[in-house]
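These are the residues of each chain, in order.
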Amino acid sequence: MDKITTLEKFRVPVGNQEIELQQIEFAAGGEPLLRLRIREGSRFTIFDIDAVTAAHWAELMGAWSKQRLEPAKDS
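For clarity, every value in this text was computed on a predicted model and none was experimentally measured.

> Teacher, can you tell me more about the overall build of the protein here?
Scanning the protein from N- to C-terminus turns up one helix and four strands. Helices (α) and strands (β) of the protein occur, in sequence order from the N terminus, as β-β-β-β-α. On C-alpha atoms alone, the protein measures out to a radius of gyration of 16 Å, which is more than a quarter above the 11 Å that the 2.2 N^0.38 rule sets for 75 residues. Seen through its C-alpha atoms, the protein measures out along the principal axes to roughly 55 × 30 × 15 Å. By the burial criterion, 15% of the 75 residues in the protein qualify as buried. Look at the contacts in the protein between residues 6 or more apart in sequence, and 6% of them connect residues 24 or more apart. Within the structure as shown, the protein displays about 6100 Å² of accessible surface, and the carbon and sulfur contribution to it stands at 57%.

Given below as structure tokens:
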């Protein structure tokens, strides 16, 4: 039986979607994956991604959010 572990669950302030991050470990073996579940009402969008893809995605999202969260710098 596959092992699914919830890592985090939260709601998006704008849109109220529920985001859940899970680690998936397959009974057949292989690399664990990160599952991203987005719930919008009764509809689910699910992404299963490997560690390399998760790292790339995290880097891009971190850079994007950093630009928007830093106070504007005077020239």
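> Whenever I open this one, the packing of aromatic side chains confuses me. Can you help?
The geometry of an aromatic ring pair is captured by the separation of the ring centres together with the interplanar angle, meaning the angle of the planes. Counting across every chain of the model gives one aromatic pair. Look at Phe47 and Trp57: their rings are 5.8 Å apart centre to centre, the planes differ by 85°, and that puts the pair in the edge-to-face class. Of this pair, Phe47 sits in strand β4 (residues 43-49) while Trp57 sits in helix α1 (residues 51-69), and the two are ten residues apart along the sequence.

> Honestly, the side chain of Arg35 in this entry has me stumped. Any pointers?
Structurally, the position occupied by Arg35 is in strand β3 (residues 33-40). By relative accessible area, which is 18% here, Arg35 ends up buried. Within the structure, Arg35 has its side chain in polar contact with the side chain of Asp48 (distance 2.6 Å). In this view, Arg35 contacts Ile4, Glu20, Leu21, Gln22, Ile24, Ile46, Phe47 and Asp48; residues no more than four positions away in its chain are not counted.

> What should I look at first to understand the pattern of salt bridges in this one?
Oppositely charged side chains can pair when the atoms bearing their charge come close. By the definition in use, this model includes five salt bridges. Linking Arg43 and Glu40 is a salt bridge whose minimum nitrogen-to-oxygen distance equals 4.0 Å. The closest approach of N and O atoms between Lys66 and Glu70, which form a salt bridge, is 4.0 Å. Using a relative accessible area of 34% as the deciding quantity, one classes Glu70 as partly exposed.

Parameters at a glance
Residues numbered from 1 in each chain as written. Predicted model: local features only at pLDDT ≥ 70, side-chain atom pairs only at ≥ 80, totals over all residues. Heavy atoms only, no water. Helix = DSSP H or I, 4+ residues; strand = E, 2+ residues; numbered from the N terminus. Rg over C-alpha atoms; globule rule 2.2 N^0.38 Å. Buried < 20%, exposed > 50% of the residue type's maximum accessible area, 1.4 Å probe, protein only. Contact = heavy atoms within 4.5 Å. Areas by Shrake-Rupley, 256 points an atom, 1.4 Å probe, with all protein chains shown as cover. Phe/Tyr/Trp six-rings, centres within 6.5 Å; stacked < 30°, edge-to-face > 60°. Polar contact = N/O pair within 3.5 Å; in protein donor to acceptor, adjacent residues only side chain to side chain. Salt bridge = Lys/Arg side-chain N within 4 Å of Asp/Glu carboxyl O.

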